[in-house]
Amino acid sequence: MKRSPQIRVLLKQNFRSVSVEGSDLASVVVIKAEDGQIHLKDGNGRGLGSGSGFRLKPLDGKQLKLDGVPYHDRLEVFINPLSRSVVVNEVSLESYLRGVVPNELFTDRSRSEAMKTLTIAARTYAYSSLGQNAVRGFDVYSDSRSQVYRGVRSEKPFSDQMIEETRGIIATYQEKPIVAFYSSTCGGRTEDYREVFQRAAIPYLQGGAACPDTSSPYHSWDELIPISRIQERLDRLAGVGKLERLKTIRKSQNGRTVEMRFVGTRGEKILKGLDIRSALGLRSNWITDFDVHRDGSGDIVEIHAKGKGWGHGVGLCQIGAVELAGRGWGFERILKHYYQGIEVVRRW
Ligand SMILES: [Zn+2]
């Protein structure tokens, strides 16, 4: 069996002091970042060294603990090329997933093919991130900027089993790992990446896949948005002063609003893609109907919007994957439904 690649996960940045237990240097190592250098001392205050960086390995059969939290494999503490102090967990990609999959995904045993599908999406995302932040000295963040990772403490037997059963399997397009976009609830039909992100098209993110996500509470929604709640966002994104009118300019083929005109007391602006959803404080760009409610003097006090889905709606739909698994679909079929023209392959 080929070995899993290693991934470098950022655990802390700009820290002053951390402690590591269980390393081969001392049972407790106190690490301080000062004057652009890393300084190591043992639990009794004896100096263990100073320098630009150190790698800590676990003592045989132990796990390293960073400020009390256990992690697999190694920790590296260093000053990165941007002069920041960082702690990175250098860990096999398969062990990394054990600390990721239970945080973001479902743990319902009756839907194991959905769990496998989402595990493969998470693995593909991680694999495609290798080398992405090289200038900062790591590959992925441990929060939602990448995928939430909590190390050993979030591991669960069921997700471990799903990871083991799909070991090394990723989704590829023309031999390269895909950028595995996913959202919580697409609302019934997935979207074209190009339309909502306003960037060049990605062949396997064309959208248009029918999705049976009606069990999601966000499959469709009907909301009243007070203008006071969104004024700050409107100012930042549209900057048209007090809002007077809204007009849909263009919808995508799949029904999402991708261009909208905002007219206010200080002018007008056309917002595109996800900016529309952000400016209006909506769950998604799939707006099926809207109108505005005005007060006696004609000022808009709230926006009444109906729509579908939660998230960008591009790529895999988490709730849809669960439904399809319930109909007996396997992970490969589910992945190929949401990502057009891909291959599902075992790389290690
Ligand atoms: Zn869906």
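Everything that follows concerns the structure shown earlier in this document.
A brief structural summary. Because the structure is predicted, anything quoted here is derived from the model rather than measured.

**Considering the coordination of the zinc ion**
(1) Moving on: Protein-derived ligands of the zinc ion are Cys 186 (SG), Cys 211 (SG), Asp 213 (OD) and Cys 317 (SG), with the metal-ligand distances lying across 2.2 to 2.3 Å.
(2) Moving on: For the zinc ion, the four donor atoms in the first shell make angles of 100 to 122° at the metal, a pattern classed as tetrahedral.
(3) Moving on: In primary sequence terms, the donor set of the zinc ion follows C-x24-C-x1-D-x103-C. Within this pair, whereas Cys 211 is found in the loop between helix 5 (193-197) and strand 15 (220-226), its partner Cys 317 is found in strand 21 (residues 316-317), the two being separated by 106 residues in sequence.

**Side note on the nonpolar core**
(1) Moving on: Within the largest apolar cluster, 36 residues are counted, with the highest numbers of intra-cluster contacts made by Phe 15, Ile 31, Leu 66, Tyr 96 and Tyr 149.
(2) Moving on: Discounting residues that sit within four places of it in the chain, Tyr 96 has contacts with Ile 7, Val 9, Val 91, Ala 126, Val 140, Gln 147 and Tyr 149.
(3) Moving on: Ala 121, Tyr 193, Leu 316 and Trp 329 belong to the second largest nonpolar core, which has 35 residues in total.

**What to know about the layout of surface pockets**
(1) Moving on: Within this model, the second largest pocket holds a volume of roughly 160 Å³.
(2) Moving on: As for the second largest pocket, its lining consists of Leu 11, Lys 12, Leu 66, Asp 67, Val 69, Tyr 71, Ser 142, Val 148, Tyr 149, Arg 150 and Arg 153.
(3) Moving on: Residue composition of the lining of the second largest pocket, by class: six nonpolar, one polar and four charged.

**Quick look at the packing of aromatic side chains**
(1) Moving on: For the structure shown, the criterion picks out nine aromatic pairs.
(2) Moving on: Plain terms: the ring middles of Tyr 71 and Tyr 149 are 6.0 Å apart, the flat faces sit at 40° to each other, and that makes the pair tilted. Here Tyr 149 lies in the loop between strand 11 (140-141) and helix 4 (157-165) and Tyr 71 lies in strand 8 (residues 69-71), a separation of 78 residues in the sequence.
(3) Moving on: Owing to a relative accessible area of 7%, Tyr 71 belongs among the buried residues under this scheme.
(4) Moving on: Aromatic side chains Tyr 96 and Tyr 149 sit 5.1 Å apart centroid to centroid with 40° between the ring planes, which places their arrangement in the tilted category. Placement of Tyr 96 in helix 1 (residues 93-98) and of Tyr 149 in the loop between strand 11 and helix 4 is noted, with a sequence separation of 53 residues between them.

**Here we look at the side chain of Ser 142**
(1) Moving on: You can see Ser 142 is positioned in the loop between strand 11 and helix 4.
(2) Moving on: Residue classification places Ser 142 among the buried residues on the basis of a relative accessible area of 18%.
(3) Moving on: Looking at Ser 142, its side chain comes within polar contact range of the main-chain oxygen of Leu 10, at 2.8 Å.
(4) Moving on: Dropping the residues within four chain positions of it, Ser 142 is found in contact with Val 9, Leu 10, Leu 11, Gln 147, Val 148 and Tyr 149.

**Brief notes about the sheet that holds strand 12 (residues 169-173)**
(1) Moving on: The antiparallel open sheet is built from three strands, whose spatial order is 13-12-22. Unpaired on one side and paired on the other, strand 13 (176-177) and strand 22 (343-346) mark the two borders of the sheet.
(2) Moving on: Packing of helix 9 (residues 331-338) onto the sheet brings it into contact with strand 12 and strand 22, and relative to strand 22 it is tilted by some 135°.

So, how was this worked out
- Residues numbered from 1 in each chain as written.
- Predicted model: local features only at pLDDT ≥ 70, side-chain atom pairs only at ≥ 80, totals over all residues.
- Heavy atoms only, no water.
- Donors = N, O, S within 2.8 Å, 3.2 Å for Na, K, Ca; no water.
- Tetrahedral: all angles 85-135°; square planar, octahedral: opposite > 155°, others 65-115°.
- Helix = DSSP H or I, 4+ residues; strand = E, 2+ residues; numbered from the N terminus.
- Core = buried A, V, L, I, M, F, W, Y, C linked by side-chain atoms within 4.5 Å.
- Buried < 20%, exposed > 50% of the residue type's maximum accessible area, 1.4 Å probe, protein only.
- Contact = heavy atoms within 4.5 Å.
- 1 Å grid on protein atoms, 1.4 Å probe; cavity = no way out; pocket = protein on both sides within 12 Å on 5 of 7 lines; lining within 4 Å.
- Points joined across faces, edges and corners; volume = space filled by probe spheres on them.
- Nonpolar A, V, L, I, M, F, W, Y, C, P; charged D, E, K, R; others polar.
- Phe/Tyr/Trp six-rings, centres within 6.5 Å; stacked < 30°, edge-to-face > 60°.
- Polar contact = N/O pair within 3.5 Å; in protein donor to acceptor, adjacent residues only side chain to side chain.
- Pairing = 2+ DSSP bridges.
- Axes fitted to C-alpha atoms, helices over the stretch in contact; angles between N-to-C directions.

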